[in-house]
Amino acid sequence: MMFSRRMLVMFPFLILCIICVSDAAIRDQGPKPEALLLVRGMPYDFSWEASVRACAAPVGLEKNELFDGSFTASSYSQGDRSPQNARLNSNSGWQPRVSDLEQWLTIDLGQVYRITGVGTQAGAWIGDASGNYGNWVTRYYLQYSDSNNANDFVDYVVNGQTQHFDGNVSPVNVVQQRLVIPIISRYIRIRPEAWNNAIGLRVELYGCFHSSDLLRLTGKEVLRMDTDSSFSTFETAVSMRFRTDRPNGLLVHGIGSSGDYFAVEIVKGVLVVNVNLGTSDTIDGRTSVRVGQSLYDNQWHSIEVSRRGRALSILLDGYRTQVTTNGSFENLNVDTRYTFGGTDRFNLAGITTTQMFRGCVENIRFDDRLVISNVKANMPGFSYKGILVTLCQEQVEVPVTFEDTRSMIYIEQSTWSSQRTTLNDIIARRESLTPFLVVEFSFRTWEESGLILYNEYSQGSNGYLQIGLFQSRLQILVYMSGDQTPYRYANIGYENLNDGAWHATRIEFTSQSFIIVTIDEEVYPVARSYDDFVPSDNWHFGGVNEAVAAYSPSLAGYIGCLRGLTINGIEMPLSRVLRGDLRLQNGGRVQLIGSPLIDQCPIVDRCTPNPCFHGGKCFQNWFDFHCDCFTTNYENDKLCHSSAFMPSCEAYEFVNDTSSGNRYIDPDGCGPIKPFLAYCMIGSAQTSRDRSDTTRRQALGYMHTLYSNMNVENRRRQSVVTEIFSDHSSTAKRLQGDYPEPGSLVLPASYGGSDISDLGFFADFSAHCRQYIKATCWGSSKLLDYPNTAMSWWTSRQGYKMTHWGNTTADSNKCGCAMTPGQSCSDPNKFCNCDATRTSASDKGSDEGWLVEKEYLPVREIRAGGLRGRGPSAASKIDFTLGSLLCTGDLRMENGASFWSERSGLWFPTTLPRSYWALEISFYFKTRRRQGVFIHMTGSDNNRQFNFPRHRDRDGNAFYTPSINTDGFMVSLVYKPEISETSILEVRYDVGFEERVYPFAKQAQTELADGMWHYVKVAYTIVDLTVRVDNNVWRPAEPGEDIYMGSSQDPNSWTYDRTAKEERLYMNDQIHVGSDSRQNNGFVGCMKALMVNGQLQDLRGKAEQDPGYMVYPGFVGQCDRNPCQNNGICFEKWDGFQCDCRESAFEGEICTEEVGYYFDGSDSVQWNIPSSFQKSMPSEVITFGFSTDRKTGTIFELIQDDNTFIRASISGQGIRVEFSYGGMYFVIEDVNNFVDNQFHSVVVRRDSQLTMQVDNYPTVIMTNVPSVPGITNPRTFYVGEARNFGGAANGFIGCISRVRVNHLVPLKAPGLDTSRGGYRGTCDQLAPTIDPIWPPEFFPNWDNDSYQLPQGSVRDRRMYDVDTNIAVGVAVVAGVAFLVVALVAFKYFTRKGSYRTQEDAGAYHAYDANSAVKYSSHRLPEITTREEIFI
């Protein structure tokens, strides 16, 4: 193809136009005729394609299949933004009046649907293509309800956590979210959490109609499914939906003739699953699991109980609990029948409740059997008792809520006046237990105490009646005027009535001073004496005002919900009275005090799932919660998440806790491994026990030696040995009796109550572990008895049978005596002393030694056999001694990486859940750089930089915050002179739409950038933040306040109130280590032992397998990579390095810059060598370079005296080097032609032989070199001429560089005399100055040296981010343009020629000049023939 020159010139611009047009097409974000559909689901095992076919069709919002009245909202801004406009692709959309966190959109589907997905869209687009004026929701969560009046909404949860969904990112796209567990409900509510500009929403729901096989059970019905003897199953699965307002009821029960049972019941609002797969005299197979709470809230709940062998799984409302049943049996044998909804007999095994289920059940499935359908169809094997009602009618009891202690309702002369009880009525009932006052109500609260109702007596019986909660139990006060104290009936009912569940309460007062209290169908009679009283028609409910407080100062007002209030059988619907729907009779009136809520009970369960870690107990009130961590050993924060203990004895020693003694060790911090007690032996000091126990003393000495031989980088000042005591280490345990079978007698190992698996985890991270074991055998007892069957052995922590003894190797089947030279066992035919034949009962043999394979330690148990308790061998017995587990070294201390640049970094996938309440990060670091990011974690926006786009807070106020999930958590080292003169640790995070920065300035007593190791631990929870640096602990006060130091011994001496829902972390991006998420502002130095929520991050392995930019495994200083060239000496600075080029013939940052001088034949330079440089040189390494076109000339001369010198010169066309040592004279010469005005490099070595190499020419070798002392006292160094030959005839014309004889470098030397001419410079043939390979961050001052290092320019290595599209476009255009210009030039303006070059041999394949110098095999020029294009 032919092109004109004009076409070639225009070609790059044509390419540029094409790229710009393409880029504009890609970037176009303006409105489109068809909205795009984006499917962004959560990472669960869920087949969306299958659900689309099965149950994921639009329910009809977009197609107007729902009436406008089906949409309601908290508010709306104007008519065209009303809730009915929230249909997908409508012309406007819903927009509330105020954009805050209290807004919601509710959709009434008219019937129960199975919802599997939600699609959201911005409000109708307004503005330009950038979307600056668009309103859309970026994050939301879902609620649902089945109440007929659309009240009592609950959050959509999975695995106990409210699910938060990402919304829209532009004004045009539809973002569809999948529901992992479908919502089965009629009412769906969307709650926006974050938005762009303002809340704007259009929506579609996806799913299908919910088919229901339903029954209403009244407590008299029982469904039956018969089984037979063949009904022995390895797997069982039961699922259903239920709703009830009763706290107790039996759902499923089955029992077999062998005692196996399976039961599902509700006990006090908790789902209880009882299973027994088989129980014997020695094995208890009974298992009981409790899940959930407050399940009698009249909402639908879904349960699925499945079993596969001993693996039991319970799925309740999306929260899964998995356990392993007790015992060893795996089949369930129920060969009689299963019942559903109740039973005929409540005294059967597996049943703890005494109540039939009352409520509605739906779609009961047992394995593949549809129970309700089969019962209705009278299928064989299915039957029922009672009357089947297939309609689940709901009786709605609307609550009233008191949210503070001052809110109350006062009713005067109410409708109860027609049922007024008089004293005559009470006297008439005196002979019976007929109650004269019956009060019924249901309450629900989290508060321990509060006054629920109050009545002041009438008809002259002055006094009052008070009913409320006190210390979480019911309390009744009956007071008559004149009494000194009221009759107090307290502690009625079971404990914890403030559990957030509805409690139905009935209180009956009889005229026989007898009170009958019924709470949740449990009767509590109270027989106490009180005078008759007549209640008035004036009742107080809820709070306490001044008048009531005067009579009842003991209780504060009630905070909680109240419903179902009746007095003497007359219902009093408070909510209807307050709304005005129901008028009181007899001129009664209602007074509303405070702000009680009508028709809703917005109670929040902050303890489900339990936010307290490690078994901490959660307690809450109406407003907040707290964790009881007293028994958990995790009291370092308020959620029992972070351990107060160090992960190893080495870690204690690191923070200067250097005294030997008992310590609690928590090897995984906040992880699942529990802390255990150990003895830390620090240093070589020994206790009296150590000195008295020879075996233990020898073991400790050996472990100290092992520690001392470890990596010096990780070895602290003193050796450290960890001892975990065995309960059998002090005295031997004797086993005897009639146990003839191998291993039939078991001696379990015990380590002070510590879990053996936890100790195994600790051993895995130890460098070395060993455990002493000893067996002493009497009579006919045997040990390993190889090659016969082993009678005794020990088992590893994994339960493996180990048939070797101490001082041997695994699988050797030997004891230590068989491993000694010459086999020292008492019986040469046996491998153990215990296995030798003994003739009497008093004879004994002993085998002892150390088990050293740490992967099997500690010992789980010892099993013995071959023991006889009767007969002639009755005296057989074995004494076992099992010593402590001894470990030394913490391998995590060796797991580290070195970061050499602020752009360095490693990235780890996060294993944390999608949202979590606590985060713990710990690591060690050392650096001399005052600033840098240690670790950065982000949400879905992986470019989080803490500079937020405009947003709104929960009060509608504008501030800067992300428009999508950009939660971030960063730990870094900063230098802020306005706060501290030293570098300080800073914790920065953004959760709940607000960035918080905590620079811990009061640690400023210690400089952290001091090149020493420091320990950091950051523990964040939704309620507090704790930071530890070395041995000091800090906690921030409330946001915006100063930071103060707390005591490490008092971690709970402060308060910090947060809102749990806003403070959860949502981070699904990678964990960035060593820099932020954009690979900027990185940490320069070393890090090790990085733990994130108890999981070790493998820094060394990551750096080896997938190294980032300038990241190296282990603790590698930059000098370990030999960055200083040409004999330069490298000094480590941790934030860089410094090259000392004083003994190099080169200079510059890495000693790669040539130092040369030009001479014209009469010039020379002279260096009178100072005494400090006058060192003896028994051998020499000589280097120099030159270029000249003259056949004579002296290059240099080094002299000691007239008869001792070294001289290099041009001789003819070759190079000649002369050596004179006090009369001994010899010469080496290369006769090749080097007078060609090209640069040549020469290396001469004198030792046992004399060699010379010029460039890449063959080496000249002289073998018969006389033995001489060399120059012992060098005095003068001439360059450019010799001492004895002056004038132009012997002077050098050309350029000389790289002159070096051993440690003498004259051209760079201080005090060089240049008065005789010669000028410094780089010859044209010399390579230009080379940029450093690893440029240092800065050059420190070496004030202790009179000769300062050359301060070469420091290259700024910051790399600034540029737009990716622009960068790619510019690169493509530049590349194409260069190619076109090169082709044109090649075609029309070229000529060829050849020449000889002496470039460094490494330059041919090197990608830059640095590599040419650094990676050349010999640092010498290479003469090759090349072709060159001249333009």
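First, a word on what this report is: a plain description of the structure on this page. (Residues numbered from 1 in each chain as written. Predicted model: local features only at pLDDT ≥ 70, side-chain atom pairs only at ≥ 80, totals over all residues. Heavy atoms only, no water.)

With respect to the pattern of salt bridges
Piece 1. Enumeration over the complete set of coordinates arrives at 34 salt bridges.
Piece 2. For Asp-344, the salt bridge is made with Arg-224, and the minimal N-O distance between the two is 3.5 Å. Of this pair, Asp-344 sits in the loop between strand S24 (337-340) and strand S25 (358-366) while Arg-224 sits in strand S13 (residues 222-226), placing them 120 residues apart in sequence.
Piece 3. A salt bridge links Asp-226 to Arg-337, with the shortest nitrogen-to-oxygen separation between them at 3.7 Å. With Asp-226 in strand S13 and Arg-337 in strand S24, the pair connects residues that are 111 residues apart, well separated along the chain.
Piece 4. Among the residues examined, Asp-226 registers a relative accessible area of 39% and is labelled partly exposed. (Salt bridge = Lys/Arg side-chain N within 4 Å of Asp/Glu carboxyl O. Helix = DSSP H or I, 4+ residues; strand = E, 2+ residues; numbered from the N terminus. Buried < 20%, exposed > 50% of the residue type's maximum accessible area, 1.4 Å probe, protein only.)

So, the state of the cysteines
Piece 1. Tallied over the entire structure, the rule returns 13 disulfides.
Piece 2. The disulfide that involves Cys-360 links it to Cys-392, with 1.7 Å between the sulfurs. Taking the sign of the S-S torsion, 95° for the link of Cys-360 and Cys-392, the bridge is right-handed. Placement of the pair is Cys-360 in strand S25 and Cys-392 in the loop between strand S27 (382-385) and strand S28 (400-402), with a sequence separation of 32 residues.
Piece 3. Two residues share a disulfide in this structure: Cys-607 and Cys-618, whose sulfurs sit 1.9 Å from each other. The S-S bond linking Cys-607 to Cys-618 shows a torsion near -70°; that makes this disulfide left-handed. A residue pair is termed long-range when its members are at least 10 positions apart, and Cys-607 in the loop between strand S42 (597-598) and strand S43 (617-620) and Cys-618 in strand S43 qualify at eleven residues. (Disulfide = S-S within 2.5 Å.)

Here's the deal with the sheet that holds strand S79 (residues 1180-1187)
Piece 1. Pairing is antiparallel across the open sheet formed by seven strands, whose spatial order is S86-S85-S84-S79-S88-S77-S89. Among the strands making up the open sheet, the edge pair consists of strand S86 (1260-1262) and strand S89 (1319-1321). Mean inter-strand twist for the sheet, computed between neighbouring axes without regard to direction, equals 25°.
Piece 2. Where strand S85 (residues 1250-1254) lies against S86, three bridges are found, and the strand directions are antiparallel. Of the residues in S86, the one forming a bridge with Leu-1250 is Met-1262. (Pairing = 2+ DSSP bridges. Axes fitted to C-alpha atoms, helices over the stretch in contact; angles between N-to-C directions.)

Regarding a nonpolar patch on the surface
Piece 1. A cluster of nonpolar side chains, contributed by Ile-387, Val-389 and Leu-391, occupies part of the molecular surface with about 280 Å² of accessible area.
Piece 2. Counting through the fold element by element, Ile-387 comes out in the loop between S27 and S28.
Piece 3. The class of Ile-387 is exposed, set by a relative accessible area of 62%. (Patch = residues over 30% accessible without salt bridge, like charges linked within 9 Å, V, L, I, M, F, W, Y side chains within 5 Å. Areas by Shrake-Rupley, 256 points an atom, 1.4 Å probe, with all protein chains shown as cover.)

Considerations on the side chain of Asp-758
Piece 1. Mapped onto the elements of the fold, Asp-758 is located in helix H10 (residues 756-764).
Piece 2. Setting aside anything within four residues of it in sequence, one finds Asp-758 in contact with Ile-673, Lys-674 and Phe-676. (Contact = heavy atoms within 4.5 Å.)

As for the pairing of S79
Piece 1. Counting buried residues along S79, six of its eight residues qualify, which places the element largely inside the surrounding structure.
Piece 2. Bridge count for S79 against strand S84 (residues 1240-1246) is seven bridges, and the pairing is antiparallel. Across the sheet, residue Phe-1184 finds its bridge partner in S84, namely Val-1242.
Piece 3. Pairing of S79 with strand S88 (residues 1293-1301), which is carried by five bridges, proceeds in the antiparallel orientation.

Things to note about the nonpolar core
General note: in soluble globular proteins, nonpolar side chains tend to be found buried as a group.
Piece 1. Of all hydrophobic cores here, the largest spans 55 residues; its most connected members are Leu-783, Trp-794, Phe-880 and Tyr-924.
Piece 2. What Phe-880 contacts, discounting residues up to four positions off in sequence, is Ala-732, Lys-733, Leu-735, Leu-747, Lys-774, Ala-775, Leu-783, Ser-792, Trp-805, Ile-862 and Ala-864.
Piece 3. Within the second largest apolar cluster, 43 residues are counted, among which are Phe-1159, Ile-1182, Val-1217 and Leu-1304. (Core = buried A, V, L, I, M, F, W, Y, C linked by side-chain atoms within 4.5 Å.)

Shape descriptors only; they carry no functional weight alone.
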